[in-house]
Each structure stands twice: as C-alpha cells, then as structure tokens.
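Chain by chain, the residues:
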Amino acid sequence: MGTGVIQSICDQLHGELPGLRGFSPSAVKRMRSFYEQWKVLENRPLIEGENKDDNNGIDSQSHTNRPLAVGDLEWKDFLAISFTHHSEIIAKVSNLEERLFYIKKTAECHWSKERIGRT
C-alpha cells in the first residue's frame, strides 16, 4: 500500500471522525502491520491429537503445520498490553514463540517497551 493511499485513508478517517486522534500515516501503518501479523489466528478449537506442551501453550511440532489457533494464546495477556507494546513486539521479534513470550512477560511483569527484544 503506497504512501498516497495511506494518507488518503488517514484523511478520510479524520474527516469521518473529527477530533479523534491516532490516525497518522505511521499509526495506520502500525495498525496494518498488527493485522497482518495476527490475522493467522483462527477461532477454532484444537483438533483431536493436537496436544499442547508447557511451552507457552504451543505444541512446538504442530504449530508449524497449522495456523495459530485461539487456544494457543493467552487472551488476557494479549489484551492486557498496549498497542505500543504490540507494535514493538512485532517490530523487534519475528519468531511466534518469542512473541508469545514477550506478550506474557509484558502483561505479567509490566515490562516497558524498551525491555522487548532483550531478555
């Protein structure tokens, strides 16, 4: 999506939602990135035989062969951290298991965004 398209979307959002902030081109790019990185979530139960281990609730063998399922993610942790934290995790961590680790630790330990990507 080109810069002109993003700016057009920002202008349209500002026109439709006057006074509401948070729709700068950089913010819209982060929103798009958030969507693209987490669209793999599927709202389906695990299939029989898809066992979870204790590694952040993910079966390390089957998650590479199937999309991430809702049950793989601790929603309370996912929703407990800010969009800024999610953006930092997406920008600094490409591995799914590491992202889930940072989400969990950030929610539990109130890590700052500067702590993300460094353990």
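The coordinates are above.
Residues numbered from 1 in each chain as written. Predicted model: local features only at pLDDT ≥ 70, side-chain atom pairs only at ≥ 80, totals over all residues. Heavy atoms only, no water.

Digging into the side chain of Arg 99
Inclusion rule: Each helix is a run of H or I in the DSSP string that is no shorter than four residues. Each strand is a run of E no shorter than two, and both are numbered from the N terminus. To sort residues, take the accessible area from a 1.4 Å probe on protein chains only and compare it with the maximum for the residue type: under 20% means buried, over 50% means exposed, and anything in between is partly exposed. The convention is simple: Lys and Arg are positive, Asp and Glu are negative, and His and the chain ends are not counted. We count a salt bridge whenever a side-chain nitrogen from Lys or Arg sits within 4 Å of a carboxyl oxygen from Asp or Glu. Here a polar contact is taken to be a pair of N or O atoms separated by no more than 3.5 Å, where protein atoms must pair a possible hydrogen donor with a possible acceptor and residues adjacent in sequence count only if both atoms sit in side chains. The contact definition used throughout considers only heavy atoms, calling two residues in contact when any of these lie within 4.5 Å.
The topology assignment puts Arg 99 in helix α5 (residues 96-109). Summary of buried charges: Arg 99 has no salt-bridge partner, and the nearest side chain of opposite charge, Glu 98, is 8.4 Å away. Here the side chain of Arg 99 touches Ile 90 through a polar contact of 3.3 Å, landing on its backbone oxygen. If we skip the residues at most four places from it in the chain, Arg 99 touches Gln 37, Trp 38, Ile 89, Ile 90, Val 93 and Ser 94.

Concerning the packing of helix α2 (residues 25-38) against helix α4 (residues 83-92)
Quick reminder of the rule: Axis geometry follows a simple rule: fit a line to the C-alpha atoms, using only the stretch in contact for helices, then measure angles between N-to-C directions, giving values from 0 to 180 degrees. Angle categories are assigned with fixed cut-offs, so that under 35 degrees is roughly parallel, over 145 is roughly antiparallel, 65 to 115 is roughly perpendicular, and the rest are oblique. Helix crossings fall into two classes, left-handed where the near helix is turned counterclockwise from the far one by less than a right angle and right-handed where it is turned clockwise. Amino acid classes used here: Ala, Val, Leu, Ile, Met, Phe, Trp, Tyr, Cys and Pro are nonpolar; Asp, Glu, Lys and Arg are charged; the rest, including Gly, are polar.
Following both chains from N to C, one finds α2 and α4 inclined at 65°, their axes separated by 10 Å at the closest point. Relative to α4, the element α2 is oriented roughly perpendicular. Two packed elements cross with a definite hand, and for α2 against α4 that hand is left-handed. Within the contact between the two elements, α2 uses Arg 30, Met 31, Ser 33, Phe 34, Gln 37 and Trp 38 and α4 uses Phe 83, His 86, Ser 87 and Ile 90. Among the residues forming the contact of α2 with α4, the class breakdown is five nonpolar, four polar and one charged.

Structural notes on the side chain of His 85
As for its position among the elements, His 85 is in helix α4. Ignoring any residue separated from it by four or fewer positions in sequence, one finds His 85 in contact with Thr 106, Trp 111, Ser 112, Lys 113 and Ile 116.

Details of the packing of aromatic side chains
Aromatic ring pairs are described here by two measures, namely the spacing of the ring centres and the angle between the planes. As a reminder of what qualifies: Each Phe, Tyr or Trp ring (for Trp, its six-membered ring) is paired with any other whose centre lies within 6.5 Å, and the angle between the two planes then decides the class: stacked below 30 degrees, edge-to-face above 60, tilted in between. We call a charge positioned above a ring when the Lys NZ or Arg CZ atom is no farther than 6 Å from the ring centre and deviates by at most 35 degrees from the ring normal.
Scanning the entire structure with this criterion turns up seven aromatic pairs. Through successive ring pairs, a cluster of aromatic residues spans Phe 34, Trp 38, Trp 75, Phe 78 and Phe 83. The lysine or arginine in question, Arg 115, covers the ring of Trp 111, its NZ or CZ lying 4.1 Å from the ring centre.

Here we look at the environment of Asp 77
Checked against the element boundaries, Asp 77 lands in helix α3 (residues 75-80). Here Asp 77 is in contact with Ile 103, Lys 104 and Ala 107, once residues within four sequence places are set aside.

Some thoughts on the pattern of salt bridges
Per the counting criterion, the structure on display carries five salt bridges. Measuring nitrogen to oxygen at the nearest pair gives 3.0 Å for the salt bridge that ties Glu 108 to Lys 104. In this pair, Glu 108 and Lys 104 both sit in helix α5, four residues apart, roughly one turn of the helix. Taking the relative accessible area as the measure of exposure, Lys 104 reaches 28% and is therefore partly exposed.

It is worth stressing that arrangement in space is one thing and function is another; only the former is reported here.
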